[in-house]
Amino acid sequence: MSSSLSFQPSSSLPDNNQPRKSRFTYRQLGQLALSSTACPLRVVAHVDLDAFYAQCEMVRLGVAEDQPLAVQQWQGLIAINYPSRKFGLSRHIPIAEAKKLCPDIILQHVATWKEGDEKWAYHDDASKNIATHKVSLDPYRLESRRILACIKETLPAHLQTVEKASIDEVFMDLSAQVHTIMLETYPELTLPPPGNDPNENLPLPPTSVLDWKADTVVDLNSGETEYDDPDWDDVAILLGSEIVRTVRAAVREKLKYTCSGGIAHNKMLAKLGSGHMKPNQQTVIRNRAVQQFLSDFKFAKIRGLGGKLGDQVSSAFGTESVKDLLLVPIEQLKQKIGDDTGMWIYQIIRGIDTSEVNARTQIKSMLSAKSFRPSVNSAEQARRWLRIFVADIYSRLVDEGVLENKRRPRTINLHHRTGGQTRSRQAPIPQGKKLDEATLFDLAKVLMDQIILEGRIWPCLNLSLSVGGFEDGVTGNRGIGDFLIKGDDAKAQNRVLQSSDALHGDHDRRGKHRRIKSSKGIDKFFARAEPSEHDEEFGAQMWPQPDADLLAGQDAASTEYGNITDSSREANEAMEKEEIDDMPSGPSALHQQRITEFICKRCQSALSSAAALQNHQDWHLAKDLQEEVLGQPLHSSRPSAAGSKRKAPHSSRQRRPGQGKAEKGQSKLAFG
Ligand code: TTP
Ligand code: CA
Ligand code: CA
């Protein structure tokens, strides 16, 4: 790895005095202007905030940059700033241990909603009140929005493609901007190709020296040397890297946040790059360095290969390393893993990823939920929680542009669980009117009342409210006043709910499948990159693995934070594993006893407590619902979609690891 490179004098005039040509054509240069995913000169960047929630708290509290600080959620740590990482702190360390290792550490609990409160706040006693408080991530969403806005302001409006990939990450397709800079910097590129033939190769860049400034530049593949003249893909990535440096400096100067960047040919590589050297650095992966860079990774680091699929691959081929997997012939991959998935793996470990950077937020659903310990035992108490869920969801809807009528959900769902039974109710959200918090709350209350009417619903152990079916709002000349809900409309709304009950209310008698089909909001369980209350059940550390919030592709089904994907699944699997890992290791009698007491009948996992077992069973339920929503198990071999404009396995009609069902997006976090 080198921090700066210089090339030897250009050898673009070889022996026969004919100028040597670039590997790239005029046509390919043209594709760069269009940000074509097929363009070999394409430049994609990924920016990820360093220790994000911890930085948010540092900025909010105005603490010194070298002050160790961690963000606490109940009895766990969810974000650790870099000064405290020097003391060996990580997400998995108990609070007492963290204080021992770093006595000066500031432990800041996340903001919470207190049962019955109208607004979240930072409560000093939150960590002791898991039963009556619910985490609010609003402070971090707010900062996320400011950072996204800052990034967008830094880039030219007409040339930017920025995708919020999680609460603290963005992808940027820099191709169009890089193209513009290239033409300005190298006017020879604006000349028509010889014979006006776009398939002619470009001249080589006139420069033989590329200054990578302070970037980390990944070493070249074997066989390539720094003495080879740079080609236009090197120049493009260098220009991309300069843009990222400017973006990071703006975020730092204007908002005080540090972040790390990755600059490469596609999303997958850019994402691996941003995590390569942290904090406050950026890593460049030139095309000539991709193989070298990837072969050092375990394939579990690649998004989509971190969970069950990764396990399946490692047991099928007896390895966890990319290097070994590269030796497996494609036919063998297809045979053991399935045609599409095998093909996808074959390509992704070779650094091939044609997923687009999506500028449009494609949230599909939002969920707010809580498991109750102790249980909730009255309608009044349940309503107090509903008020919080609605406030939580509404603030996210505002982020989504609901006030501007940009996008709005079409359905609202309530799931209710007692010891033995889960009930769900769904209703349409009246369209064409302003959607406000009171309307949502009224809808939620009606759903709750319907469930209450069924009887025997206490004690309630879990409530989950979700909204889904997002679609673009009607644009036009209607002012916000046109969307106000009037009294009569509210009554009409109730009538709609009643008829919806007739359509959807008979869940328990029709069985689970029926219920699931009317409850797509549950896909949210698999689509989070931000922790939700559901995560609290599993403990803070169990939520998304660092890689699990990314995902990809332009085609995947979208939910609030990201795709309904295997990657989200990985997050859930991680939860499950960590539940098990939380138990004392070693064959102690206590351990044995706990194992036999809390075994999941479905998968034989051992859980550490009755509550953990309950949560684990919720996870199974969510997974079942998810499979129903997707219609088939993931990773099965599927026929290619005829007529799709993209090639398998990236077809917009197919799901692949890292994607959800067709339509798209990521539950992921749109910054802002
Ligand atoms: P990450 O980007 O994974 O981690 P980070 O920003 O804290 O640290 P890094 O510098 O390594 O990127 O997650 C972003 C935020 O999401 C993190 O600050 C807190 C939250 N989070 C959780 O609450 N639980 C988790 O398990 C993870 C991974 C993140
Ligand atoms: Ca981060
Ligand atoms: Ca992140």
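Residues numbered from 1 in each chain as written. Chains lettered and ligands numbered in written order. Predicted model: local features only at pLDDT ≥ 70, side-chain atom pairs only at ≥ 80, totals over all residues. Heavy atoms only, no water.

On to the sheet that holds strand β9 (residues 169–173). Spatially, the six strands line up as an open sheet ordered β8-β9-β2-β12-β13-β11, and their pairing is mixed. Of all the strands in the sheet, just β8 (162–166) and β11 (216–217) have a single pairing partner and so form its edges. Strand direction decides the pairing type here: β11 and strand β13 (residues 282–284), joined by two bridges, are parallel. Within β13, the residue paired with V217 across the bridge is V284. (Pairing = 2+ DSSP bridges. Helix = DSSP H or I, 4+ residues; strand = E, 2+ residues; numbered from the N terminus.)

By the definition in use, this model includes eight aromatic pairs. With 5.5 Å between their ring centres and 45° between their planes, F372 and W385 make a pair best called tilted. Taken as a pair, F372 in strand β14 (residues 365–376) and W385 in helix α14 (residues 379–399) lie far apart in primary sequence, 13 residues in all. Taking relative accessible area as the criterion, F372 reaches 3% and is therefore assigned buried. Note on W385 and F389: the rings are 6.5 Å apart at their centroids and 35° apart in plane angle, and the pair reads as tilted. Of the two residues, W385 and F389 are both situated in helix α14; the distance of four residues between them amounts to about one turn of the helix. Each member of the pair, W385 together with F389, is buried. Through a chain of ring-to-ring contacts, the aromatic side chains of F52, Y53, Y140 and Y257 assemble into a single cluster. Here the guanidinium or amino end of R60 rests over the ring plane of Y122, the centre of that ring lying 3.4 Å away. Positioned over the ring face of F171 is K267, at 4.8 Å from the centre of the ring. (Phe/Tyr/Trp six-rings, centres within 6.5 Å; stacked < 30°, edge-to-face > 60°. Buried < 20%, exposed > 50% of the residue type's maximum accessible area, 1.4 Å probe, protein only. Lys NZ or Arg CZ within 6 Å of the ring centre and 35° of its normal.)

The next point concerns helix α6 (residues 175–185). Residues S175, A176, Q177, V178, H179 and M182 constitute the buried set of α6. Looking at the buried residues of α6, the elements they touch are α1 (26–33), β9 and α7 (232–255). (Contact = heavy atoms within 4.5 Å.)

What follows concerns the pattern of salt bridges. Inspection of every chain in the model, using the stated rule, returns 25 salt bridges. With a shortest N-O distance of 3.0 Å, D449 and R383 are connected by a salt bridge. Of the two residues, D449 sits in helix α15 (residues 437–453) while R383 sits in helix α14, which places them 66 residues apart along the sequence. The class for D449 is partly exposed, based on a relative accessible area of 31%. Judged by its relative accessible area of 29%, R383 is partly exposed. (Salt bridge = Lys/Arg side-chain N within 4 Å of Asp/Glu carboxyl O.)

What follows concerns the coordination of the calcium ion (ligand 2). Coordination of the calcium ion (ligand 2) by the protein comes from D48 (OD), L49 (O) and D168 (OD), over a distance range of 2.1 to 2.3 Å. Of note, the calcium ion (ligand 2) draws all its donor residues from one chain, in the sequence arrangement D-L-x118-D. For the pair the calcium ion (ligand 2) and the calcium ion (ligand 3), the metal-to-metal distance amounts to 3.5 Å, and D48 bridges them. Just as D48 is buried, L49 falls in that class too. (Donors = N, O, S within 2.8 Å, 3.2 Å for Na, K, Ca; no water.)

Attention now moves to the side chain of K134. In this structure, K134 sits in strand β7 (residues 133–135). Judged by relative accessible area, K134 falls into the buried class, the value being 2%. Engagement of the side chain of K134 in a polar contact is seen with the backbone oxygen of A369, the distance being 3.3 Å. (Polar contact = N/O pair within 3.5 Å; in protein donor to acceptor, adjacent residues only side chain to side chain.)

In this section: the state of the cysteines. This structure, assessed with the given rule, holds zero disulfides. Of all cysteine sulfurs in the structure, the one in C150 sits closest to C259, which takes part in no disulfide; the separation is 9.1 Å. On the accessibility criterion, C259 (2% relative accessible area) is buried. (Disulfide = S-S within 2.5 Å.)

As summarised here, the arrangement of the four strands in space is β14-β18-β16-β17, forming an open sheet in which the pairing is antiparallel. Two strands lie at the open edges of the sheet, namely β14 and β17 (422–428), each paired on one side alone. Averaged over all neighbouring strand pairs, the angle between strand axes comes to 10°, with direction disregarded. Across eight bridges, the pairing between β14 and strand β18 (residues 460–468) is antiparallel. Within the sheet, the bridge partner assigned to S365 lies in β18 and is G468. Seen against the sheet, α14 touches β14, β16 (411–417) and β18 and runs at an angle of roughly 155° to β14. Helix-sheet contacts for α15 involve β16, β17 and β18, and the interaxial angle to β16 is about 40°. (Axes fitted to C-alpha atoms, helices over the stretch in contact; angles between N-to-C directions.)

When pLDDT is averaged along the protein, the result is 74; 67% of the residues meet or exceed 70. When the criterion is pLDDT under 50, residues 1–13 qualifies, and its contacts beyond four places in sequence or with other chains add up to 46 contacts. (pLDDT = per-residue confidence, 0-100.)

This part is about the side chain of R288. Within the secondary structure layout, R288 lies in the loop between β13 and α9 (290–295). According to the relative accessible area criterion, R288 is buried, its value standing at 7%. A distance of 3.4 Å separates polar atoms of two side chains, one belonging to R288 and the other to D234.

Ranked by internal contacts, the top residues of the largest apolar core, which has 60 residues, are M172 and M182. The element best represented in this core is α7, accounting for 12 residues. With near-sequence residues (within four places) excluded, M182 lies in contact with L29, L32, L189, W232, V235, A236 and L239. Judged by nonpolar contacts, the second largest core, of 36 residues, contains A382, I388, I451 and V467. (Core = buried A, V, L, I, M, F, W, Y, C linked by side-chain atoms within 4.5 Å.)

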